[in-house]
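Coordinates in review
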Amino acid sequence: MTPALVIACCGLQVGLLHGDPLDTRTPFVRASLLPTDAVGGWVPPPLPSVPYVRAAVGVGNGFPVLGRRLIAEELLPPRLFPHVGKAQIWQFTYECQVITPTGTKTVYIDRTALIIGR
């Protein structure tokens, strides 16, 4: 399998990082496709969706999500990845709070994207 084929099969938009409940795929994203802010920095993906957070906690639709916030973001130095080439790992940690039958539960959701071509 060639690197271009791997990227075509596994490539996702950064906005889909939290699309499916407990989706553990690591998106491959071209640096040129990432949205940027006013000073040229990359904009982090949106907060995890409410269904995603509920699935991570293991509760159903009737339980409210109190809060979701980005608490850590790290862009690791570029390195070589097999079948991909030179890329950077972009890591995020989110803190989310959900009301459950036993009280308020806080979960931490880690997500990662592989940024290609910077």
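Residues numbered from 1 in each chain as written. Predicted model: local features only at pLDDT ≥ 70, side-chain atom pairs only at ≥ 80, totals over all residues. Heavy atoms only, no water.

This paragraph deals with the overall build of the protein. Each helix and strand in the protein was counted, giving two helices and five strands. When the helices and strands of the protein are read in sequence order from the N terminus, they spell out α-β-α-β-β-β-β. Put simply, the protein has 118 residues, and 34% of those count as buried. In the protein, the share of contacts with a sequence separation of at least 24, taken over all contacts with a separation of at least 6, comes to 56%. Counting every atom, the protein has about 6900 Å² of accessible surface; 57% of that belongs to carbon and sulfur. (Helix = DSSP H or I, 4+ residues; strand = E, 2+ residues; numbered from the N terminus. Buried < 20%, exposed > 50% of the residue type's maximum accessible area, 1.4 Å probe, protein only. Contact = heavy atoms within 4.5 Å. Areas by Shrake-Rupley, 256 points an atom, 1.4 Å probe, with all protein chains shown as cover.)

Our focus in this paragraph is the side chain of Arg111. Summarising the element assignment, Arg111 is placed in strand β5 (residues 103–116). Note on Arg111: relative accessible area 7%, which makes it buried. Side-chain polar atoms of Arg111 contact the side chain of Tyr52, separated by 2.6 Å. (Polar contact = N/O pair within 3.5 Å; in protein donor to acceptor, adjacent residues only side chain to side chain.)

We now examine unusual backbone geometry. At His83, a residue that is not glycine, the phi angle is positive and equals roughly 65°. Mapped onto the secondary structure, His83 falls in the loop between β3 (79–81) and β4 (85–100).

Model confidence for the protein is summarised by a mean pLDDT of 80, while 78% of its residues fall at 70 or above. Of all the helices and strands in the protein, helix α1 (residues 3–10) carries the lowest mean pLDDT, 36, while strand β2 (residues 65–75) carries the highest, 94. Residue range residues 1–19 is modelled with pLDDT below 50. Its contacts to residues more than four positions away, or to other chains, number 36 contacts. (pLDDT = per-residue confidence, 0-100.)

Glancing now at the packing of aromatic side chains. Given two aromatic rings, one states the distance between the centres and the angle between the planes to describe the pair. Counted according to the given criterion, the structure contains three aromatic pairs. Summarising the aromatic geometry, the rings of Trp90 and Phe92 are spaced 4.7 Å apart at their centres and angled 55° between planes, so their arrangement reads as tilted. Given a relative accessible area of 1%, Phe92 falls into the buried group. Each ring, one from Phe92 and one from Tyr94, has its centre 6.3 Å from the other, and the planes form 25°; the classification is stacked. In this pair, the class of Phe92 matches that of Tyr94, namely buried. Three or more aromatic residues link up through ring pairs in this structure, and these residues are Trp42, Trp90, Phe92 and Tyr94. (Phe/Tyr/Trp six-rings, centres within 6.5 Å; stacked < 30°, edge-to-face > 60°.)

On to the environment of Phe81, then. As for its position among the elements, Phe81 is in strand β3. In this structure, Phe81 is in contact with Ala87, Ile89 and Leu114, ignoring residues within four places of it in sequence.

A few words on the environment of Val84. When you line up the elements, Val84 lands in the loop between β3 and β4. For Val84, a relative accessible area of 13% corresponds to the buried category. It is 9.6 Å that separates the C-alpha atoms of Val84 and Leu114, two residues lying 30 residues apart in sequence.

In this section: the pairing of β4. Two elements, β2 and β4, share nine bridges in a ladder whose sense is antiparallel. When the bridges of β4 are listed, Leu75 appears paired with Trp90. Both β3 and β4 contribute to a ladder of three bridges, which runs antiparallel. Bridge pairing links Leu80 to Lys86 in β4. (Pairing = 2+ DSSP bridges.)

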